[in-house]
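Listed below, chain by chain, are the residues.
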Amino acid sequence: MDPALGPPDAMAEKRDELTPMMRQYHDLCARYDDALVLFQVGDFYETFCGAAERTARLLEVALTSREDSTGEYPMSGIPIDNAESYIEELLEAGYRVAVADQIEEPGESPGVVERAVTRVITPGTLTEDELLASDDNNFVAAVARDGTDLALALLDVSTGDFLATSSATREAVADEVSRFDPPEAVVGPDAPADLFPETCMVTPFEADAFDRERAGETVSRYFRNPDALLASDAEIRACGALLSYAEYVRGGEHEGERGGTTDADADDTEPEDADDARLEYITHLTRYDPREYLLLDAVALRSLELFEPRAVRGREDATLVGVLDETACALGGRKLRDWIRRPLLQPDRIEARLDAVEELTSGVRRRERLHELLRDVYDLERLIGRISRERANARDLRSLRDTLAVVPDVRDQLADADCDRLRQLHADLDPLADVRELIDDAIVSDPPIEITEGGIVAEEYDADLDDLRGTARDGKRWIDDLEERERERTGVDSLKVGYNSVHGYYIEVTNPNLEAVPDDYQRRQTLKNSERFVTPELKDREDEIVGAEERADELEYELFCDVRGDVADEVERVQGLADALATLDALVSLATAAAQYDYCRPEIAARDDGEGLEIDVEGGRHPVVERTQESFVPNGARFSPGRRLAVITGPNMSGKSTYMRQVAQIVLLAQVGSFVPARSARITPVDRIFTRVGASDDIAGGRSTFMVEMDELATILREADERSLVLLDEVGRGTSTADGLAIAQAITEHIHGVVGATTLFATHHHPLTELADDLEAAFALHFEVEQDDGEVVFHHEIAPGAATGSYGVEVATAAGVPESVVERSRELAAENATDEAAGGSSSDDPTTDETAPATATADGGERATASRSASNHDTDPSADVAAELRSLEVAHLTPVEALTELDRLRRLLEE
Ligand code: ADP
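Residues numbered from 1 in each chain as written. Predicted model: local features only at pLDDT ≥ 70, side-chain atom pairs only at ≥ 80, totals over all residues. Heavy atoms only, no water.

### Let's talk about the confidence of the model for the protein chain
Line of reasoning, step 1. For the protein chain, the average pLDDT comes to 84, and 85% of its residues sit at 70 or higher.
Line of reasoning, step 2. Here residues 253–272 scores under 50 on pLDDT; set against residues more than four positions off or in separate chains, the count is 44 contacts.
Line of reasoning, step 3. Across residues 695–702, confidence stays below pLDDT 50; counting only partners more than four residues off in sequence or on other chains, it has 13 contacts. (pLDDT = per-residue confidence, 0-100. Contact = heavy atoms within 4.5 Å.)

Structure, rendered in structure tokens:
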């Protein structure tokens, strides 16, 4: 175990002898033994022993020590005022952090100050605005298994967004994991932890929480009928465990904002019953089937640059979301990301969004006005979350109020909307006038951050408060007038009334005037040139003021909490409003991008079951690439069930990858409900997009690039169908040319004949273009380049047919490779071209076994001779190999089986 976690050995050995404070630390460490405990001592969060050594090094803060009668302990502390940034570093270093606050004022009760963990901060359960990206969700996941069923639950603790899904296949759940990319996952004893990528912190959690019955109870504390809401026991387990975890990280002591309230709240240290732990703002649970959305696996998410730029281009906003995101508020930013993450399948849902985008595109003034108004919208989801968790201050309430104030204007903009979606939004935009009025009446317009020191509640909101304030005010007025009265009474003109925090109010008389002091003056303080006095009357007044002020502060806090509680009761309405504003902002954003970048509305072609895809794009552009460079050449694309496999050739850098991705991105954008970068587009919704991008583009973690490639291909061949869009870019590069060719060809044939997916296949293996002639639904496309005086000119223009050469050598010249090397390359290229042409044609070709091995890379040299001599004597093994290859059920092979098979076939050739 990490030495920074759990109770320090040095303390555990002598727990009973420790000072009460250190015992408290020890016990909290024992209770939160998977977290680093930050222990409040005054203005600092301290850590001790191993934890102190770790934090000192990690956070570069001083390592000191604390000595008491029981020994000396290393200690290091971080200032509470600046704790968030340190906590962020601890999280990045892979720690969970348990924050143990003092929950009473020192001296409030005898003995050591009471402390409790007020929150456990983990990467997946952040609620602190400072630690969260505003425009994206931050999910914690839980997985649970029940029989063959594997369920995934996802919760954003900061907003209350809660989702659940399940599948019988591990891959489908893994795809959903990569879709949402949770930074943390909670797992039970039997869950497959390997579902999660390395970037995800895996948190083992009480097995009990995953128990079917216990989880069922937990879920039913939140939702009326879990069995109707969720589809399986596995889902109930995952959701129940996740809710328990969210309650656990909230900490045992909810009232984190006030050190020791003097009122009834102090009782909170009592063990809480389950209902108290409930997070009231988790009001919706969305159960979905992965098949309801366009499925994008991890590879597709990455290679289509939805959220992360491809390393090579390096510009952080060079992503699809970077181009599309014109949202005005955080709510809309998150909604848009959710839409891009989960593009739709049903034409009517897509059309509903497109109608709204179209309407917003045409009305420029309205769109701009809406954008302007939405800029004033605060993050209502997180705001209401904080309000509900009792973490909100008075400023948060005012922010809510300010947002509510914008809503009527936003609504007005939609008053004469035409399309259903916008009309619905108009109806959904509830300005929550009652809530706004409550806050307006109760909370002053510019309240302080602190909620325990008064100055929050407005005048005339509460009669008792007004009385107390009146008393304090009258008292102060009486004191203000006192100076004048006493001067008159004593005849001392220099007499002064003042206040200091130790002695309170006083009357000050300078030494020369001391004989004028009346009998009722009582001496308080002697200064060098003067004496300070009080009178019983002044003392009484002072007590009255202080008493009234103290009671007013307390009363204000109570009133504030009541208002906050009343607002929290409206959580569902606030969330409904937040969702409407989020949707509107996302739609306005899509319309803005559409107008700004000259996109067109795609036509969505409905299709019947079992029918293939139709994609017809004229003048299409790559939405990201066209933004990152000066000019972009539009290219069309036309696919239909009878014309569904394009073999695309062209030299490096001619635009093959860009073209393939642009087709996929146009399809994806259309399914998001966005306009698309094209002159016109007609699209049937695609169920899944698969991509396999050349090995050289890939950072393979641990596995060989070839293994990665085979693994991904196996997935595609197994799972794609006639409604999938498949992009294959330089497949087969991870191995020698001959193998690569064989694999690429076999795959292409299989996709064409068995899978039936719409496929874009880019290759620099020219022989493969012949496939386009051989296979009925295949066709060839190419990028032409021109040679101008030995220079290569890229036109980036796609044309029918196959490219005539690879131009690699010319590109090398252009790049400044010496002439002699280029000459030699030309010779070799000429040789290879003959070889390749032969190798790629039908395997029955008698020249095959003579030539194919010759194209093999370095290690193939010896084999080539062996093979040639063998074939001269025995029957031709390549025919057997070809036959075997043909009968190979590639889709049913695991990657390892594929490798083994490949190896066997190669041996066969060698024998
Ligand atoms: P390939 O896959 O054929 O090696 P890429 O698709 O990676 O080529 O394109 C190489 C570069 O050419 C891109 O980074 C881009 O800058 C440019 N490019 C590609 N397609 C176009 C286009 N249609 N119009 C303008 N530039 C393009």
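So, next bit.
### Re the site of the ligand
Line of reasoning, step 1. Near the ligand you find 14 residues, and of these Q629, V633, M653, S657 and T658 are the closest.
Line of reasoning, step 2. Between the ligand and K656, the relevant distance is 2.9 Å, taken from an oxygen atom to a main-chain nitrogen or oxygen of the residue.
Line of reasoning, step 3. Computed on the free molecule, the ligand has an accessible area of 560 Å², of which 81% lies beneath the protein chains in the complex.
Line of reasoning, step 4. Counted by class, the shell around the ligand contains 4 nonpolar, 9 polar and 1 charged residues. (Near = heavy atom within 4 Å. Polar contact = N/O pair within 3.5 Å; in protein donor to acceptor, adjacent residues only side chain to side chain. Areas by Shrake-Rupley, 256 points an atom, 1.4 Å probe, with all protein chains shown as cover. Nonpolar A, V, L, I, M, F, W, Y, C, P; charged D, E, K, R; others polar.)

### Some points on the nonpolar core
One recurring pattern in soluble globular proteins: nonpolar side chains tend to sit buried together.
Line of reasoning, step 1. Of all hydrophobic cores here, the largest spans 223 residues; its most connected members are F162, L400, L422 and I648.
Line of reasoning, step 2. Residue contributions to this core peak at 15 residues, all from helix α22 (residues 571–596).
Line of reasoning, step 3. When sequence neighbours within four positions are dropped, the list of residues in contact with I648 reads K656, Y659, M660, L760, F761, A762, T763, L781, F783 and I798.
Line of reasoning, step 4. Formed by 25 residues, the second largest nonpolar core is a distinct cluster that contains V647, V755, A772 and L775. (Core = buried A, V, L, I, M, F, W, Y, C linked by side-chain atoms within 4.5 Å. Buried < 20%, exposed > 50% of the residue type's maximum accessible area, 1.4 Å probe, protein only. Helix = DSSP H or I, 4+ residues; strand = E, 2+ residues; numbered from the N terminus.)

### Examining the packing of aromatic side chains
Line of reasoning, step 1. As enumerated under the stated definition, the model contains 17 aromatic pairs in all.
Line of reasoning, step 2. Taking 5.5 Å as the distance between ring centres and 85° as the angle between the ring planes, the aromatic pair formed by F139 and F180 counts as edge-to-face. Residue F139 is located in the loop between β6 (115–121) and β7 (140–146), and its partner F180 is located in helix α5 (residues 170–180); the two are separated by 41 residues in the primary sequence.
Line of reasoning, step 3. For F139, a relative accessible area of 3% gives the class buried.
Line of reasoning, step 4. Classification of F180 as buried rests on a relative accessible area of 4%. (Phe/Tyr/Trp six-rings, centres within 6.5 Å; stacked < 30°, edge-to-face > 60°.)

### Looking at unusual backbone geometry
A negative phi angle is the norm for most residues apart from glycine, just as the trans form is the norm for most peptide bonds.
Line of reasoning, step 1. Its identity is not glycine, yet E60 carries a phi of approximately 55°, on the positive side.
Line of reasoning, step 2. Mapped onto the fold, E60 is located in the loop between α3 (49–59) and β3 (64–68).
Line of reasoning, step 3. You will see that D598, though not glycine, has its phi angle at about 60°, which is positive.
Line of reasoning, step 4. Tracing the backbone shows D598 in the loop between α22 and β18 (603–604).

### Observations concerning the packing of helix α20 (residues 463–490) against helix α21 (residues 536–568)
Line of reasoning, step 1. Closest axis-to-axis distance for the α20/α21 pair is 8 Å, and the angle between their directions is 150°. In terms of their interaxial angle, α20 and α21 are classed as roughly antiparallel. In the packing of α20 onto α21, the handedness of the crossing is left-handed. Residues D464, L465, L468, R469, T471, A472, G475, K476, W478, I479 and L482 of α20 touch α21, and the partners they reach there are E537, L538, R541, E544, I545, A548, E549, R551, A552, L555, E556 and L559.
Line of reasoning, step 2. Of the residues belonging to the contact of α20 with α21, the class tally is 12 nonpolar, 2 polar and 9 charged. (Axes fitted to C-alpha atoms, helices over the stretch in contact; angles between N-to-C directions. Parallel < 35°, antiparallel > 145°, perpendicular 65-115°, else oblique. Left-handed = near helix turned anticlockwise from the far one by under 90°.)

### Some points on the sheet that holds strand β10 (residues 184–187)
Line of reasoning, step 1. Taken in spatial order, the 6 strands of this open sheet run β11-β10-β7-β8-β9-β12, and their pairing is mixed. Single-partner strands in this sheet number two, and they are β11 (201–204) and β12 (286–287).
Line of reasoning, step 2. Two elements, strand β8 (residues 149–155) and strand β9 (residues 162–167), share 6 bridges in a ladder whose sense is antiparallel. The partner of L150 across the bridge, within β9, is S167.
Line of reasoning, step 3. Its contacts with the sheet place α5 against β8 and β9, and it is angled at close to 10° to β8.
Line of reasoning, step 4. Helix-sheet contacts for helix α9 (residues 233–249) involve β7, β8, β9, β10, β11 and β12, and the interaxial angle to β7 is about 145°. (Pairing = 2+ DSSP bridges.)

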